[in-house]
Amino acid sequence: EAIIKHFNLSPYKTSSLKNIGNVSRIELGSNFSKLGDKFRIFVNDYDPCGSMLAILRVGKINAAQALTYLLSFIHPTQIINIGMCGSLKKDIFKIGDIVRISQVFQHDVYIPIEHVEFDYLLDKIKLETSKISKEEYGFNHGILATGDSFIDDELSCNELSKIADVVDMEGYSVAKVCNDFKHQCYIYKIVSDNSDNSSADDFKTSIDIYNEKIKFLLNNVF
């Protein structure tokens, strides 16, 4: 909601003749219909080649599918992924903190066979962070682990904390698609919980904090 208001966006309507990028909205709309309601798109009717918001569904496959499909029709100058994450180091990354992701990988991949064909599954994708520091905006850089499971137990949290700072369910997919198709990518995550047995409740009560932090990003960073 904060992003929609900030950029004066409105729901995508296939009846409009205005252009988005290099394709007409009618052409784009007929193609998007093939994806059904997997994600929603918002654009500025007065600046259709400006900022666009795509709301992706939860999980690695949904995020990768929707973003790949979107990029087959438009060619943005940069892609910014914003979402919630769980802290793996609650003494450093606290609920409500904004984390600028410096590196992301899949934490739920297990391949017991060493072979060059499997190496890409274990890739750690590095992201640009040099332009923004904790001193400048008050938030940390961090390593993100992405997987298709909601982490809500201390055992899993403790194991993941050895290799990452925060955890989510979509970040790697966004970074992977952007990396493979040569699009500039930035990832910001807002800590919603501590990846422990209180995570589900903390996640629900962190929505207001999340919205305020998005407003901070919009007003100070973007």
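Everything quoted here is computed from the prediction, not taken from an experiment.

Cut-offs and rules
Residues numbered from 1 in each chain as written. Predicted model: local features only at pLDDT ≥ 70, side-chain atom pairs only at ≥ 80, totals over all residues. Heavy atoms only, no water. Helix = DSSP H or I, 4+ residues; strand = E, 2+ residues; numbered from the N terminus. Pairing = 2+ DSSP bridges. Axes fitted to C-alpha atoms, helices over the stretch in contact; angles between N-to-C directions. Parallel < 35°, antiparallel > 145°, perpendicular 65-115°, else oblique. Left-handed = near helix turned anticlockwise from the far one by under 90°. Contact = heavy atoms within 4.5 Å. Nonpolar A, V, L, I, M, F, W, Y, C, P; charged D, E, K, R; others polar. Patch = residues over 30% accessible without salt bridge, like charges linked within 9 Å, V, L, I, M, F, W, Y side chains within 5 Å. Areas by Shrake-Rupley, 256 points an atom, 1.4 Å probe, with all protein chains shown as cover. Salt bridge = Lys/Arg side-chain N within 4 Å of Asp/Glu carboxyl O. Buried < 20%, exposed > 50% of the residue type's maximum accessible area, 1.4 Å probe, protein only. Phe/Tyr/Trp six-rings, centres within 6.5 Å; stacked < 30°, edge-to-face > 60°. Lys NZ or Arg CZ within 6 Å of the ring centre and 35° of its normal. Expected span 1.5 Å × (residues − 1). Arc of directions from axis to C-beta.

Caption draft 1: Focus on unusual backbone geometry. Phi is positive for Asn8, close to 55°, though the residue is something other than glycine. Inspection of the secondary structure puts Asn8 in the loop between α1 (2–6) and β1 (10–11). Positive phi, normally seen in glycine, also occurs at Ser195, with a value near 55°. Of note, Ser195 is situated in the loop between β11 (184–193) and α7 (199–205).

Caption draft 2: Representation of the sheet that holds β1 in the model. The strand order β1-β4-β5 describes an open sheet built from three strands, whose pairing is antiparallel. Looking at which strands have only one partner, the edges of the open sheet turn out to be β1 and β5 (52–55). Here β1 pairs with strand β4 (residues 40–43) via two bridges, running antiparallel. Bridge assignment links Pro11 to a residue of β4, and that residue is Phe42.

Caption draft 3: Looking closely at the packing of helix α3 (residues 60–71) against helix α6 (residues 171–180). At their nearest, the axes of α3 and α6 sit 8 Å apart, and the two run at 30° to each other. Accordingly, the angle class assigned to the pair α3 and α6 is roughly parallel. Seen from above, α3 lies across α6 with right-handed handedness. Where α3 abuts α6, its residues Lys60, Ala63, Ala64, Leu67, Thr68 and Leu71 lie against Ser173, Val174, Val177 and Cys178. Across the contact of α3 with α6, the residue classes tally to seven nonpolar, two polar and one charged.

Caption draft 4: A nonpolar patch on the surface, seen in detail. On the surface, Phe150, Phe203 and Ile207 cluster together to form a nonpolar patch covering roughly 230 Å² of accessible area. Residue Phe150 is classed as partly exposed on the basis of its relative accessible area, which comes to 35%.

Caption draft 5: Up close: the packing of aromatic side chains. Overall, the coordinates contain three aromatic pairs when judged by the stated rule. With centroids separated by 6.0 Å and ring planes inclined at 85°, the aromatic side chains of Phe150 and Phe203 adopt a geometry described as edge-to-face. Here Phe203 lies in helix α7 and Phe150 lies in the loop between β9 (140–146) and α5 (154–160), a separation of 53 residues in the sequence. An aromatic cluster is present here, built from Phe139, Tyr188 and Phe222 joined pairwise through their rings. It is Lys124 that lies over the ring of Phe105; its NZ or CZ is 5.3 Å from the centre.

Caption draft 6: Representation of the pairing of β9 within the structure. Among the seven residues in β9, five count as buried, and that is most of the element. Pairing between strand β7 (residues 98–106) and β9: seven bridges, direction parallel. Bridge pairing in β9 links Val104 to Leu144. Bridge count for β9 against strand β10 (residues 166–168) is three bridges, and the pairing is parallel. Bridge assignment links Thr146 to a residue of β10, and that residue is Asp168.

Caption draft 7: Focus on α3. Taking 1.5 Å per residue as the helical rise, α3 with its 12 residues ought to reach 16 Å, and the 16 Å between its terminal C-alpha atoms agrees with that figure. Of all the positions in α3, only Lys60, Ala63, Ala66, Leu67, Leu70 and Leu71 are classed as buried. Along the axis of α3, the buried positions cluster into a sector of 150°, meaning they face one direction only.

Caption draft 8: Main features of the environment of Ile41. Tracing the backbone through its elements, the reader meets Ile41 in strand β4. We classify Ile41 as buried; its relative accessible area is 9%. Through-space distance from the C-alpha of Ile41 to that of Met52 is 7.2 Å; in sequence the pair is 11 residues apart.

Caption draft 9: Representation of the pairing of strand β6 (residues 78–87) in the model. Most of β6 sits out of view: seven of its 10 residues are buried. For β6 and β11, the ladder comprises nine bridges, and the chain directions are parallel. Looking at β11, one finds that Met84 is bridged to Ile190. Here two bridges tie β6 to β10, and the two strands are oriented antiparallel to one another. Its bridge partner being in β10, Gly86 is matched across the sheet by Val167.

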